[in-house]
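Breakdown of the fold
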Amino acid sequence: MLRWLSVTNHPSAPQSDPASEHGDLTDPPLRVHQPRRALPTDVVRPTRAEVHLDALRWNLAQLRKVTKEVPIWGVLKADAYGHGSKAAARTLERAGIDGLCVALVEEGIELREAGIELPILVMGGYYRDAHRELQAHRLIPVLSDAGQAEALGRAACLAGGPPTPCHVKVDTGMSRLGVRSERWGDMLRTLRAEALLEVDGLMSHLANADMDEDPVFDEPLRLFQQAREQFLGAGFRPRRLHLANSAAVLREPRTHFDLVRPGLALYGVDPGPPSRQDTGPLRLRAALTVSSRIVSLRHILPGDAVGYGGSFRAREARQIATIPIGYADGLSRALSNRGHALVRGKRVPIVGHVSMDMTTLDVTELPGVAMMDDVVLLGRQTGPLGSDEITAREIAEHTGTIPWEVLTNISRRVPRFYREP
Ligand SMILES: *Cc1c(COP(=O)(O)O)cnc(C)c1O
């Protein structure tokens, strides 16, 4: 059972930090309920995610083979793609990774509170004056427009220094964050006026690194080089230029520059398009296994239906196993009558609709299947009937999404267990 920790902020309580108060005092009290991570002994349901910390170290070592001397800053946003950012960060820090990237200031703070000492880059932009948090936790912000630069520069002046290091992001074709080329001049003027901003990095992000076509890198690289020349011409000397996500790390050394930012590949999933899983000589190992156990077994008769809406109807006698994991755990409902699970080392089909807490499997073809047998929904299983693996890529193909979403969908209801070899 999960224990619940409740934090209540009373509006009458003195506000020690009016600058960070962005709610209206007439709002109802804000109640924040935060489930703590389950302890092994708290968990009654046999559904779990195992994180193989050795796989993280292995994947880092594999990436080093292609990046050679170029530093690796691992991307740990969204709770390290569902793996648990603190454990992932500690493991990677000890394994010698050079820096970390997160999306949110909050995610950076979580890592500092876990004792992580590495440089941490906050890539996702930030949404109010967060200078104090950035400074207190030594987080490096990414600036995407002149307004942000002005606000941060002003806050740095008010705080009285030291200079605040930042990275500037330029738009090389994603049209999401980053300064568009028409505005580079503006941005440079603003940056020059802000004496307490130190432009330590220049970065961009690739929109098409995991696409099929070949020249996906040429145009962004051309724009990025142009941005670099403008920054140098304006007297800035950013020490770190960076552009590469996992796909670019693996496919295009020209994108490596002064550091690379792999996410997915660190977790052992090939980012490449399905048609070219071209990690070459590298072998990545999936770091996450999601599993459960059979909690109900029954024989059904011809004509019997399974699950909500009876979307599966038996044509002949079948044996059905129920497992206590459903779409609320991140097992997509789109896997209904399409996806698979591994039992006794063999692949069996999901039949009927995946429901919120339960899923049903057709185990008719499995000799010896029994109550409490282990069932793997994501990851590798070896058993008396063989050995097989269900990858995030396979699930993504069944559900019309991408491996990134498959991993980050594994919900917090699934307790994470950390496995050292
Ligand atoms: C998420 C992210 C990455 C990592 O991408 P992967 O494809 O998972 O390697 C790198 N850079 C930025 C800006 C990102 O948002």
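Please refer to the structure higher up on the page.
Before going into details, it helps to say that this report is about the structure given with it. (Residues numbered from 1 in each chain as written. Predicted model: local features only at pLDDT ≥ 70, side-chain atom pairs only at ≥ 80, totals over all residues. Heavy atoms only, no water.)

**Here we look at the overall build of the protein chain**
- For the protein chain, the count of helices and strands is 11 helices and 21 strands.
- The buried share among the 421 residues of the protein chain stands at 50%.
- Nonlocal contacts in the protein chain, meaning residues at least 24 apart in sequence, comprise 69% of its contacts between residues at least 6 apart. (Helix = DSSP H or I, 4+ residues; strand = E, 2+ residues; numbered from the N terminus. Buried < 20%, exposed > 50% of the residue type's maximum accessible area, 1.4 Å probe, protein only. Contact = heavy atoms within 4.5 Å.)

**Details of the sheet that holds strand E7 (residues 139-143)**
- Taken together, seven strands build an open sheet; the order of strands is E4-E5-E6-E7-E8-E9-E10 and the sheet is parallel. The open sheet has two free edges, formed respectively by strand E4 (73-75) and strand E10 (240-242), since each of these has just one partner strand. Along the sheet, successive strands turn relative to each other by an average axial angle of 30°, direction set aside.
- The pairing of E4 with strand E5 (residues 99-102) spans three bridges and is classified as parallel. Considered in E5, the bridge of Trp73 is made with Gly99. (Pairing = 2+ DSSP bridges. Axes fitted to C-alpha atoms, helices over the stretch in contact; angles between N-to-C directions.)

**Some points on the site of the ligand**
- The local shell around the ligand consists of Val75, Lys77, Tyr81, Met123, His205, Asn245, Ser246, Arg261, Pro262, Gly263, Leu264 and Trp404.
- A total of 390 Å² of accessible area belongs to the ligand in isolation, and the protein chains cover 92% of it. (Near = heavy atom within 4 Å. Areas by Shrake-Rupley, 256 points an atom, 1.4 Å probe, with all protein chains shown as cover.)

**Some points on the pairing of strand E20 (residues 386-390)**
- Relative to E20, strand E19 (residues 374-383) runs antiparallel, the two being bridged by five bridges. Looking at E20, one finds that Gln381 is bridged to Asp388.
- Connecting the antiparallel pair E19 and E20 is a turn made up of two residues.

**Let's talk about the pattern of salt bridges**
- Applying the stated criterion across every chain yields a total of 24 salt bridges.
- When the shortest N-O distance is used, the salt bridge between Arg239 and Asp200 registers 2.9 Å. You can see Arg239 sitting in the loop between helix H8 (218-233) and E10 and its partner Asp200 sitting in strand E9 (residues 197-203), a full 39 residues away along the chain.
- A relative accessible area of 55% means that Arg239 is categorised as exposed.
- Between Asp388 and Arg347 there is a salt bridge, and its shortest N-O distance comes to 3.0 Å. Remark: Arg347 occurs in strand E17 (residues 346-349) and Asp388 occurs in strand E20; sequence separation between them is 41 residues.
- When salt bridges that share partners are traced, they join Arg45, Asp329, Asp357 and Arg413 into one network. (Salt bridge = Lys/Arg side-chain N within 4 Å of Asp/Glu carboxyl O.)

**Things to note about the pairing of strand E15 (residues 318-323)**
- Taken across its six residues, E15 has six buried, putting it largely inside the fold.
- Judged by which residues are buried, E15 turns out to be covered on both faces: Arg318, Ile320 and Thr322 on one side and Gln319, Ala321 and Ile323 on the other are all buried.
- In this structure, strand E12 (residues 296-300) lies alongside E15, joined through five bridges in antiparallel fashion. Note that in E15 the partner of Arg298 across the bridge is Ile320.

**Topic: the nonpolar core**
- In terms of nonpolar packing, the biggest core is built from 108 residues, with Leu100, Leu191 and Leu361 touching the most fellow members.
- Excluding anything up to four places from it in sequence, Leu100 contacts Trp73, Gly74, Leu76, Ala89, Leu111, Ile116, Leu118, Pro119, Ile120 and Leu121.
- Membership of the second largest hydrophobic core comes to six residues, among which are Val306, Phe312, Ile320 and Val351. (Core = buried A, V, L, I, M, F, W, Y, C linked by side-chain atoms within 4.5 Å.)

**Things to note about the sheet that holds strand E18 (residues 359-362)**
- Strand order in the open sheet formed by three strands is E12-E15-E18, and the pairing between neighbours is antiparallel. Of all the strands in the sheet, just E12 and E18 have a single pairing partner and so form its edges. Across the sheet, the mean angle separating the axes of adjacent strands is 30° when strand polarity is ignored.
- Pairing of E15 with E18, which is carried by four bridges, proceeds in the antiparallel orientation. Within E18, the residue paired with Ala321 across the bridge is Leu361.

**Remarks on helix H3 (residues 85-94)**
- Among the residues making up H3, those that are buried are Ser85, Ala87, Ala88, Ala89, Thr91 and Leu92.
- Summarising the contacts, the buried residues of H3 are in contact with helix H1 (53-67), helix H2 (77-81), E5, helix H4 (105-113) and strand E21 (416-419).
- Positioned one or two residues after H3, Gly96 has a phi angle of 95°, which is positive.

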